[in-house]
Amino acid sequence: MSDFSTQRSRPGSATAAGALGITFGVLAAGSAVFLLLLITTDGNGFGLFGLPVLAFGVGLLRNGYKVLAGVAYSGDRLGQLATIPAVLAFLGIGGMVAGADWSRDESVPSLAGFIIALLLAVLLIVLCDRPATKAYLQED
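The structure presented is a predicted model; accordingly, all values stated were derived computationally and were not measured. (Residues numbered from 1 in each chain as written. Predicted model: local features only at pLDDT ≥ 70, side-chain atom pairs only at ≥ 80, totals over all residues. Heavy atoms only, no water.)

A.B. asks: Before we move on, could you go through the overall build of the protein and cite the residues and values that matter?
C.D. replies: Looking only at helices and strands, the protein features five helices and zero strands. Ordered by position from N to C terminus, the α and β elements of the protein give α-α-α-α-α. Within the protein, buried positions represent 36% of all 140 residues. Considering only residue pairs separated by 6 or more positions, the protein has 67% of its internal contacts joining residues 24 or more positions apart. Surface exposure of the protein reaches about 8300 Å², of which carbon and sulfur atoms provide 69%. (Helix = DSSP H or I, 4+ residues; strand = E, 2+ residues; numbered from the N terminus. Buried < 20%, exposed > 50% of the residue type's maximum accessible area, 1.4 Å probe, protein only. Contact = heavy atoms within 4.5 Å. Areas by Shrake-Rupley, 256 points an atom, 1.4 Å probe, with all protein chains shown as cover.)

In structure tokens form, the structure reads like this:
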């Protein structure tokens, strides 16, 4: 029988950070596959943007899983990766506020999507920087 007293208990912040990182990774990889499908259907070259997004999604998935597994320094890498959607969402919000045509039906849902992405990315960064998560991942 194994001795359960030697196992480290994973704090809730580490569990939430890993799960949120995996969720972000699935969303990024799914959108990358969609963008890559644009190559085969339209042929306009916009789908090539899916290649770096796919790599980004795989990075989020990989580091989210490593946070859940308790691999050292994976929280720092996951937090650094989360800055990419945070910055892009912040720039998107600024662009929408600066020049959106608010009479169009697409403006408000787009702005809401940017705000939700920003909040989730900031939440992921905060969860990765929590003292309990850092202690669990030996990032002190």
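A.B. asks: Hey, could you go over the packing of helix α3 (residues 74-99) against helix α4 (residues 107-128) for me, with residue numbers and the actual values?
C.D. replies: Running from amino to carboxyl end, α3 crosses α4 at an angle of 155°, the nearest separation of the two axes being 8 Å. Taken as axis vectors, α3 and α4 run roughly antiparallel relative to one another. Here α3 runs over α4; the crossing is left-handed. Contacts between α3 and α4 pair Gly75, Leu78, Gly79, Ala82, Thr83, Pro85, Ala86, Ala89, Phe90, Gly92, Ile93 and Met96 from the former with Ser107, Ser110, Leu111, Phe114, Ile115, Ala117, Leu118, Ala121, Leu124, Ile125 and Cys128 from the latter. Classifying every residue of the contact of α3 with α4 by side-chain character gives 17 nonpolar, six polar and no charged. (Axes fitted to C-alpha atoms, helices over the stretch in contact; angles between N-to-C directions. Parallel < 35°, antiparallel > 145°, perpendicular 65-115°, else oblique. Left-handed = near helix turned anticlockwise from the far one by under 90°. Nonpolar A, V, L, I, M, F, W, Y, C, P; charged D, E, K, R; others polar.)

A.B. asks: Lay out the nonpolar core with the relevant residues and their values.
C.D. replies: By size, the foremost hydrophobic cluster in this structure holds 25 residues, and its most contacted members are Ala17, Phe24, Leu60, Val67, Leu78 and Leu124. When residues of this core are traced back to their parent elements, those giving at least two are α1 (12-41), α2 (50-69), α3 and α4. When residues of this core are assigned to their parent elements, the largest contribution, seven residues, is made by α3. Excluding residues that lie within four positions of it along the chain, leucine 124 makes contacts with Ala17, Leu20, Gly21, Phe24, Leu78 and Ala82. (Core = buried A, V, L, I, M, F, W, Y, C linked by side-chain atoms within 4.5 Å.)

A.B. asks: So what about the layout of surface pockets? Which residues, and what values?
C.D. replies: Volume-wise, the largest pocket comes out at about 550 Å³. Forming the boundary of the largest pocket are 17 residues, of which Ala28, Ser31, Phe56, Pro85 and Leu88 lie nearest the centre. Counting only elements with at least two residues in the lining of the largest pocket, the list comes to α1, α2, α3 and α4. In the lining of the largest pocket, the residues fall into 14 nonpolar, three polar and no charged. (1 Å grid on protein atoms, 1.4 Å probe; cavity = no way out; pocket = protein on both sides within 12 Å on 5 of 7 lines; lining within 4 Å. Points joined across faces, edges and corners; volume = space filled by probe spheres on them.)

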